[in-house]
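Structural overview
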Amino acid sequence: MTPEARDAADPLRHVRERFALLDYLTYLDGNSLGALPKATADAVAKTVSEDWGNGLIRSWNHAGWIDAPARIGAKIAPLIGAQPHEVIAADSTSVNLFKLLTAALQARPGKIVTEPGNFPTDLYIAQGAANLLGRPLVTTDDVLGDIDDDTAVVLLTHVHYKTAAVHDMAAITAAAHRHNALVLWDLSHSAGAIPVDLNGAKADLAVGCGYKYLNGGPGAPAFLFVAERHHDSLHSPLTGWMGHAEPFAFRDDYAPAEGIRRFLCGTPPILGLAALEAGIDIFADLDLGAVFAKSRALTSLFIELIDATDLGFEVVTPRDPARRGSHVSLTHPHAWPICQTAIARGVIGDFRAPDILRFGFTPLYTRFTDVARAVETLADIIQTREYEHPRFQRRAAVT
Ligand SMILES: *Cc1c(COP(=O)(O)O)cnc(C)c1O
């Protein structure tokens, strides 16, 4: 089937119309910043003009502001195999990592186990928490081999941000549980793109990002998951008043809220949450099986078309669709200038040091014709050597 025919047969083809995407743009970076849903501008404008402008302080009760973190968490839950009351939208992924990692360390003696090449913030937060609590941090390529009775918590990113390789959540979680350790999963590159079954895997803890496949907007609030069985025994180290049992009793002494709310810290960012909710609401009436199947079909087509060229790219993403996320990474010695040239031609992917070109295939709005166009553009850039032009060599602050 041609890419055009596959777009025509795609059961999700109309979902793209819910996004404000320019038709000529081939946007393959939704794994870094999701596209803008058309509903977001109105949702944020209503929150600003009506709820804030007219409702003012009354909107905490009347416009559902105070319930927004739990309400939005409950909407994220079905995407990650969680119960509605096990997820809450709050803070950034980095802050949520700190809260849950520290909570886990306080509940279990021993070390943190993670892997080298994990996303930087995950490693940096692990280093900070290990220093703060005086715990060993083991960074190892043999995670399963290094989990032992002295392990407090295993910290891993489910889909690797560079290679898109997927960890076996159920197997690693089971291995940790055999040693009475907890596992904290970072779902930043998983949620909304590939199947995640936290409770099926008996997962303990998870965090994830709101601005990638959930389309919540730049710097959107993140989310966190704590399995119900840990709700009473784990405690947030950031004992802010929004996680108090009775925030509006204004008592002098902290007492944690029941359930997931104890992992809130301060006043929720309502404008950011309004945008995040508009992004997540797109999933409400979609067949998630179709979403995840399309992710695999898009990444498979991209790998197939790249394999059919001879341009010096090496696919570093696993070829088994069940073992990869929704992006594909290629290495090339001239990755940076090739990426810049592709962006100048309207094919937007990104570069990850030192030599990776990364292309994200968000199933909600990426077309099969986008995949074909990206490969044709890359081929032309390399064959014409356009990437050698000096203007494509300069490095920008954000890659
Ligand atoms: C994107 C991403 C983050 C982002 O963290 P922020 O606090 O939002 O900057 C964290 N971890 C992983 C694995 C990511 O991919």
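Our structure's up above, just so we're on the same page.
Residues numbered from 1 in each chain as written. Predicted model: local features only at pLDDT ≥ 70, side-chain atom pairs only at ≥ 80, totals over all residues. Heavy atoms only, no water.

Describing the site of the ligand
Inclusion rule: It suffices for a single heavy atom of a residue to lie within 4 Å of a molecule or strand for the residue to be listed as near it. Polar contact is defined as a pair of N or O atoms within 3.5 Å, subject to the rule that within protein one atom must be able to donate a hydrogen and the other to accept it, and that residues adjacent in sequence are counted only when both atoms are side-chain atoms. For the area figures, the Shrake-Rupley method with a 1.4 Å probe applies, and any residue is considered shielded solely by the protein chains shown. Numbering goes from the N terminus for both helices and strands, where a helix is a DSSP run of H or I of at least four residues and a strand is a run of E of at least two. Residues are grouped as follows: nonpolar covers Ala, Val, Leu, Ile, Met, Phe, Trp, Tyr, Cys and Pro; charged covers Asp, Glu, Lys and Arg; every other residue, Gly included, is treated as polar.
Around the ligand, a shell composed of Ser92, Thr93, Ser94, Phe119, Thr121, Asp122, Thr157, Asp186, Ser188, His189, Tyr211 and Lys212 is seen. Between the ligand and Tyr211 there is a distance of 2.8 Å, counted from an oxygen atom to a side-chain nitrogen or oxygen. Protein contacts shield 87% of the accessible area of the ligand, which totals 390 Å² for the unbound molecule. Looking at the shell around the ligand, the elements that each hand over two or more residues are helix 5 (93-107) and helix 6 (120-133). Residues belonging to the shell around the ligand are distributed by class as follows: two nonpolar, seven polar and three charged.

A closer look at the layout of surface pockets
Under the convention used in this document: Using a grid of 1 Å spacing that covers the protein atoms alone, one calls a set of points a cavity when a 1.4 Å probe fits there but cannot get out, and a pocket when the set is open and has protein on both sides within 12 Å along at least five of seven lines; lining residues are those with an atom within 4 Å of a point. Grid points are joined across faces, edges and corners, and a volume is the space filled by probe spheres set on the points.
The computed volume of the largest pocket comes to approximately 250 Å³. In terms of lining, the largest pocket is formed by 20 residues, of which the most central are Thr93, Phe119, Cys209, Tyr211 and Lys212. Put simply, the parts of the chain that give the lining of the largest pocket at least two residues each are helix 5 and helix 6. Within the lining of the largest pocket, the residues separate by chemical class into six nonpolar, eight polar and six charged.

With respect to the pattern of salt bridges
Note on pairing: side chains with opposite charge can pair once their charged atoms come close. Which entries qualify depends on this criterion: Think of a salt bridge as a Lys or Arg side-chain nitrogen and an Asp or Glu carboxyl oxygen that are within 4 Å of each other. Buried, partly exposed and exposed residues are distinguished by accessible area as a fraction of the type maximum, computed with a 1.4 Å probe on protein chains only: under 20%, between the cut-offs, and over 50%, respectively.
This structure, assessed with the given rule, holds 19 salt bridges. Here Asp23 makes a salt bridge to Arg367, at a shortest N to O gap of 3.0 Å. Here Arg367 lies in the loop between strand 13 (356-360) and helix 12 (368-383) and Asp23 lies in the loop between helix 1 (3-9) and strand 1 (26-27), a separation of 344 residues in the sequence. For the salt bridge of Arg229 with Asp204, the shortest nitrogen-to-oxygen distance reads 3.0 Å. Within this pair, whereas Arg229 is found in the loop between strand 8 (222-226) and helix 9 (270-281), its partner Asp204 is found in the loop between strand 6 (182-186) and strand 7 (205-208), the two being separated by 25 residues in sequence. When its relative accessible area of 1% is taken as the criterion, Asp204 is described as buried.

Examining a nonpolar patch on the surface
Where we set the bar: Residues enter patches when their relative accessible area tops 30% and they take part in no salt bridge; the joining distance is 9 Å for like charges and 5 Å for the nonpolar side chains Val, Leu, Ile, Met, Phe, Trp and Tyr.
Judged by side-chain polarity, Trp52, Leu56, Ile57 and Leu271 come together as a nonpolar surface patch covering roughly 440 Å² of accessible area. Locating Trp52 in the fold gives a position in helix 2 (residues 38-55). By relative accessible area, which is 48% here, Trp52 ends up partly exposed.

Considering unusual backbone geometry
Geometrically, the link from Ala353 to Pro354 is a cis peptide bond, its omega value of 5 degrees lying close to zero. Its place among the elements puts Pro354 in the loop between strand 12 (350-352) and strand 13. Positive phi values are uncommon outside glycine, yet Lys202 reaches one of about 55 degrees. At Asn215, a residue that is not glycine, the phi angle is positive and equals roughly 60 degrees. Turning to its location among the elements, Asn215 is positioned in the loop between strand 7 and strand 8. A relative accessible area of 1% places Asn215 in the buried class.

A short note on the environment of Asp370
Note the threshold: The contact definition used throughout considers only heavy atoms, calling two residues in contact when any of these lie within 4.5 Å.
Among the structural elements, Asp370 can be located in helix 12. Residue Asp370 is classed as buried on the basis of its relative accessible area of 3%. When the C-alpha positions of Asp370 and Asp7 are compared, they lie 9.7 Å apart, and in sequence the two are 363 residues distant. With near-sequence residues (within four places) excluded, Asp370 lies in contact with Arg16, Leu25, Thr26 and Tyr365.

Details of helix 11 (residues 335-344)
Along helix 11, eight of the ten residues are buried, which leaves the element largely enclosed by surrounding structure. Every buried residue of helix 11 is listed here: Ala335, Trp336, Pro337, Ile338, Cys339, Gln340, Thr341 and Ala342. On its buried face, helix 11 is in contact with strand 11 (347-348), strand 12, strand 13 and helix 12. Gly346 sits one or two residues past helix 11 and shows a positive phi near 85 degrees.

Considerations on the sheet that holds strand 2 (residues 87-90)
Note the cut-off: Note: two strands are recorded as paired if DSSP finds a minimum of 2 bridges between them. Helix axes are fitted to C-alpha atoms over the stretch in contact, other axes to C-alpha atoms as well, and angles between N-to-C directions run from 0 to 180 degrees.
Pairing in this open sheet of seven strands is mixed, and the strands run 2-8-7-6-5-3-4 from one edge to the other. Both edges of this open sheet fall to strand 2 and strand 4 (137-139), since each of them pairs with a single strand only. Sheet twist, expressed as the mean angle between neighbouring strand axes with direction ignored, is 20 degrees. Where strand 7 and strand 8 come together, four bridges link them in antiparallel fashion. For Ala206, the partnering residue across the bridge sits in strand 8 and is Phe225. With respect to the sheet, helix 4 (residues 68-76) is in contact with strand 2 and strand 8, its orientation differing from that of strand 2 by roughly 125 degrees.

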